Protein chains: 2
Amino acid sequence: MKIVCIGSGNVATHMAIAFKEVGAEIIQVWSQNFRNAEILAAFTQAQPINNWNDLDRTADCYLIAVKDDAIAMVAEHLKGVKGVVIHTSGATALQTLSIVGHRYGVLYPLQTFSKSKAVDLKQVPLCIEGDSAETLEKVSVIAHLLSPLVSVVSTERRQILHLAAVFACNFSNHLYALSSAILEQHQLKFDLLKPLIAETAEKIKSSAPSSVQTGPAVRGDDETMKKHLALLDESPSLQAIYKILSKSIKSNNL
Amino acid sequence: MKIVCIGSGNVATHMAIAFKEVGAEIIQVWSQNFRNAEILAAFTQAQPINNWNDLDRTADCYLIAVKDDAIAMVAEHLKGVKGVVIHTSGATALQTLSIVGHRYGVLYPLQTFSKSKAVDLKQVPLCIEGDSAETLEKVSVIAHLLSPLVSVVSTERRQILHLAAVFACNFSNHLYALSSAILEQHQLKFDLLKPLIAETAEKIKSSAPSSVQTGPAVRGDDETMKKHLALLDESPSLQAIYKILSKSIKSNNL
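Residues numbered from 1 in each chain as written. Chains lettered and ligands numbered in written order. Predicted model: local features only at pLDDT ≥ 70, side-chain atom pairs only at ≥ 80, totals over all residues. Heavy atoms only, no water.

Asker: Teacher, can you tell me more about the sheet that holds strand E6 (residues 104–109) of chain B here?
Answerer: Sheet strands line up and pair through hydrogen bonds in the backbone, either parallel or antiparallel. Residue and element names in this part refer to chain B. With respect to topology, eight strands assemble into an open sheet ordered E3-E2-E1-E4-E5-E6-E7-E8, the strand pairing being mixed. In this open sheet, the two strands that pair with only one neighbour each are strand E3 (47–49) and strand E8 (150–152). Sheet twist, expressed as the mean angle between neighbouring strand axes with direction ignored, is 25°. With three bridges joining them, strand E7 (residues 126–130) and E8 adopt parallel strand pairing. Counted as the bridge partner of Cys-127 is Ser-151 from E8. Across the face of the sheet, helix H5 (residues 155–185) comes into contact with strand E5 (84–87), E6 and E7 while running at roughly 25° to E6. (Pairing = 2+ DSSP bridges. Helix = DSSP H or I, 4+ residues; strand = E, 2+ residues; numbered from the N terminus. Axes fitted to C-alpha atoms, helices over the stretch in contact; angles between N-to-C directions. Contact = heavy atoms within 4.5 Å.)

Asker: Just checking my understanding: could you explain the packing of helix H8 (residues 222–231) of chain B against helix H9 (residues 236–251) of chain B for this structure?
Answerer: Residue and element names in this part refer to chain B. At a minimum axis distance of 10 Å, the contact between H8 and H9 shows a crossing angle of 160°. On the basis of their axis angle, the class for H8 and H9 is roughly antiparallel. The two elements H8 and H9 cross, and the hand of that crossing is right-handed. Contacts between H8 and H9 involve Asp-222, Met-225, His-228 and Leu-229 from the first element and Gln-239, Tyr-242, Lys-243, Ser-246 and Lys-250 from the second. Here the residues of the contact of H8 with H9 are counted per class, giving three nonpolar, three polar and three charged. (Parallel < 35°, antiparallel > 145°, perpendicular 65-115°, else oblique. Left-handed = near helix turned anticlockwise from the far one by under 90°. Nonpolar A, V, L, I, M, F, W, Y, C, P; charged D, E, K, R; others polar.)

Asker: What is the right way to look at the pairing of strand E1 (residues 2–6) of chain B in this model?
Answerer: A regular strand places its side chains on the two faces of the sheet in alternate fashion. All names here are of chain B. Counting buried positions over the five residues of E1 gives four, a clear majority of the element. Of the pairings in the sheet, the one linking E1 to strand E2 (residues 25–30) comprises five bridges and is parallel in character. When the sheet's bridge partners are listed, Ile-3 is paired in E2 with Ile-26. Where E1 lies against strand E4 (residues 61–64), four bridges are found, and the strand directions are parallel. Bridge assignment links Ile-3 to a residue of E4, and that residue is Cys-61. (Buried < 20%, exposed > 50% of the residue type's maximum accessible area, 1.4 Å probe, protein only.)

Asker: I tried to follow the relation of the copies chain A and chain B on my own but got confused; where do I start?
Answerer: Relating one copy of the chain to the other requires a rotation about an axis plus a shift along that axis. Superposing chain A onto chain B takes a rotation of 180° plus a shift of 0.0 Å along the axis, which leaves an RMSD of 0.1 Å. Here the copies are linked by what is in effect a two-fold axis. Taking the C-alpha atom as reference, chain A places Ser172(A) closest to the rotation axis, 2.5 Å from it. (Least-squares fit on C-alpha atoms with pLDDT ≥ 70 in both.)

Asker: Help me understand the interface of chain A and chain B in this model?
Answerer: Where interface size is given, it is often the accessible area lost as the parts come together that is meant. Taken together, the contact pairs 88 residues of chain A with 87 residues of chain B. Across the interface of chain A and chain B, roughly 8600 Å² is buried in total on both sides, 70% from carbon and sulfur atoms. The interface formed by chain A and chain B includes zero salt bridges. For the side of chain A that touches chain B, the secondary-structure elements that each account for two or more residues are helix H5 (155–185), helix H6 (194–203), helix H7 (216–219), helix H8 (222–231) and helix H9 (236–251) of chain A. Top contributing element to the side of chain A that touches chain B by residue count: H5(A), with 26 residues. (Buried area = accessible area lost by both parts, 1.4 Å probe. Salt bridge = Lys/Arg side-chain N within 4 Å of Asp/Glu carboxyl O.)

Asker: Sorry if this is basic, but what is going on with the packing of aromatic side chains here?
Answerer: Centre-to-centre distance and the angle between the planes together describe a pair of aromatic rings. Enumeration according to the criterion identifies eight aromatic pairs over all chains in this entry. Considering the side-chain rings of Tyr242(A) and Phe167(B), the 6.1 Å spacing of their centres and the 50° angle between planes classify their relative orientation as tilted. Highlighted residues: Tyr242(A) in helix H9 and Phe167(B) in helix H5, drawn from two different chains. Residue classification places Phe167(B) among the buried positions, given a relative accessible area of 0%. Ring geometry for Trp30(B) and Trp52(B): centres 4.4 Å apart, planes at 20°, overall stacked. Note that Trp30(B) is positioned in strand E2 and Trp52(B) in the loop between E3 and E4, a separation of 22 residues in sequence. Neither Trp30(B) nor Trp52(B) differs from the other in exposure class; each is buried. Three or more aromatic residues joined by ring pairs make a cluster, and in this case those are Phe167(A), Phe171(A) and Tyr242(B). (Phe/Tyr/Trp six-rings, centres within 6.5 Å; stacked < 30°, edge-to-face > 60°.)

Asker: How do you make sense of the confidence of the model for chain A when you look at a structure like this?
Answerer: It should be kept in mind that the predicted coordinates are not to be read in detail where pLDDT is low. Per-chain confidence: chain A averages 95 in pLDDT, with 99% of residues scoring 70 or above. Both confidence scores are given for the complex: pTM 0.88, ipTM 0.88. (pLDDT = per-residue confidence, 0-100.)

Asker: I would appreciate a short explanation of the environment of Gln28(A) in the present structure.
Answerer: All names here are of chain A. For Gln-28, the position within the fold is in strand E2 (residues 25–30). The class for Gln-28 is buried, based on a relative accessible area of 3%. For Gln-28 and Ala-42, which are 14 residues apart along the polypeptide, the C-alpha to C-alpha distance reads 10 Å. What Gln-28 contacts, discounting residues up to four positions off in sequence, is Ile-3, Val-4, Cys-5, Ala-46, Gln-47, Ile-49, Asp-54, Leu-55 and Asp-56. Polar side-chain contacts of Gln-28 include one of 2.8 Å to the side chain of Gln-47. Here the side chain of Gln-28 touches Asp-54 through a polar contact of 2.9 Å, landing on its backbone oxygen. (Polar contact = N/O pair within 3.5 Å; in protein donor to acceptor, adjacent residues only side chain to side chain.)

Asker: Looking at this model, I keep getting lost on a nonpolar patch on the surface. Mind explaining?
Answerer: Among the surface-exposed residues, Met1(A), Val22(A), Val141(A) and Leu145(A) lie close enough to one another that they form a single nonpolar patch of about 300 Å² accessible area. Within the secondary structure layout, Leu145(A) lies in helix H4 (residues 133–146). (Patch = residues over 30% accessible without salt bridge, like charges linked within 9 Å, V, L, I, M, F, W, Y side chains within 5 Å. Areas by Shrake-Rupley, 256 points an atom, 1.4 Å probe, with all protein chains shown as cover.)

Asker: How do you make sense of helix H1 (residues 10–21) of chain A when you look at a structure like this?
Answerer: Every α-helix winds through 3.6 residues per turn, so residues three or four apart in the chain are directed the same way. All names here are of chain A. The terminal C-alpha atoms of H1 lie 17 Å apart, and with twelve residues this matches the ideal 16 Å at 1.5 Å per residue to within 8%. Turning to H1, its buried residues are Ala-12, Thr-13, His-14, Met-15, Ala-16, Ala-18 and Phe-19. Residues of H1 that are buried in the fold lie against strand E1 (2–6), E2, helix H2 (34–44), strand E4 (61–64), strand E6 (104–109) and H4. Looking one or two places after H1, you find Gly-23, whose phi comes out positive at around 100°. (Expected span 1.5 Å × (residues − 1).)

Written out as structure tokens, the structure is:
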């Protein structure tokens, strides 16, 4: 399995390294920024490129992991390549790749990737799609190299998954960040909250999140909420977030 | 160590059982609802009561784990008891207990408790306070029965911790619930998001949350955010939450 990795960000890095680890060959890493291509290429013993004329057009798979709005532009350069062209975006339609003609698909890893932390892809659900049954079969084989948790998911349903992931992951992480900022402002350590954050995430492995909601809003403890809003008096944006989320919890509008 | 447990909710249940497990004796469980008192009393081999005249006034510790707005009322009934009177609330001032005269304190477990899930209190940070050095010493001894992670924290700082915990825990859990609701509406399984939620919480054990923020808002991916808002067209309250949190992430107002 010869793969060209297009992109050098968080997703590209984690996936290229994971493919390498399961025995696939990363033959080239393309990045607009040649220095970034070099770094990931060094990790994967690949050739770094940033000129489309240097692209090896005989690979089995072209893995696109660039910003969503650059996918169409990248696809322009992949017309007529031999292998299957796959993007890894949650939000981008399969048809964005139709410009390559045929053999195009999606392999969306439902996970958050930061360069500083290893992720075990074997435990990550992978959502796949293909322009034909034949392509889907190819994408499935490629996906199964990384994880057994492979599901065929249409563009429409993948976009819903991605939206849900923004709520569950991106927004939660931002709440951790706000929480950390509140503590820091009062010279309190974020470490104190770490067991609580771990337990909150742990709980929903076995219970529906709405069934284990705790805190002043779900208890209808208006006095405590008033105190909290007073403590946030100098942060109107935090007050607004506190109000809208408390209101949403109280309304139980699920 | 003889303890009277006042309350029968999530916190009362977890703490009474944990005290029992480390060899303390729960002599009575008070609850406004006698049936609830009976249930927790059965777990802890205690006497269930719901009449203040039945209160044993000779215990070493009166542990108050009731709704915040009921703490002052409970304290009224504890005037002149022999032992130390302790509330477990994050948001309630130590002085709310001053009505009992002396020997009153706070033991606030920085954790989320649901009856359906066991919690290892040994890993939970406990924030303590006392009306005098002597009481503080007593509260400290009691707290150390449960966990080595005991810190003396003033009412003011405890209230900040509690506020930060609402952001990091209660609000995050609600985002999980919203995410689950979005998926359910489209017949998609919440299970698919569980590895992502686990990883999001895991990441911040070793990295500052703001440094590992991912998603369309931090990337400035306006097209994807527009698509997400369109998908939420029939849920104005979810749209509002999406907008306010994305704006907060983009402004990086930490």
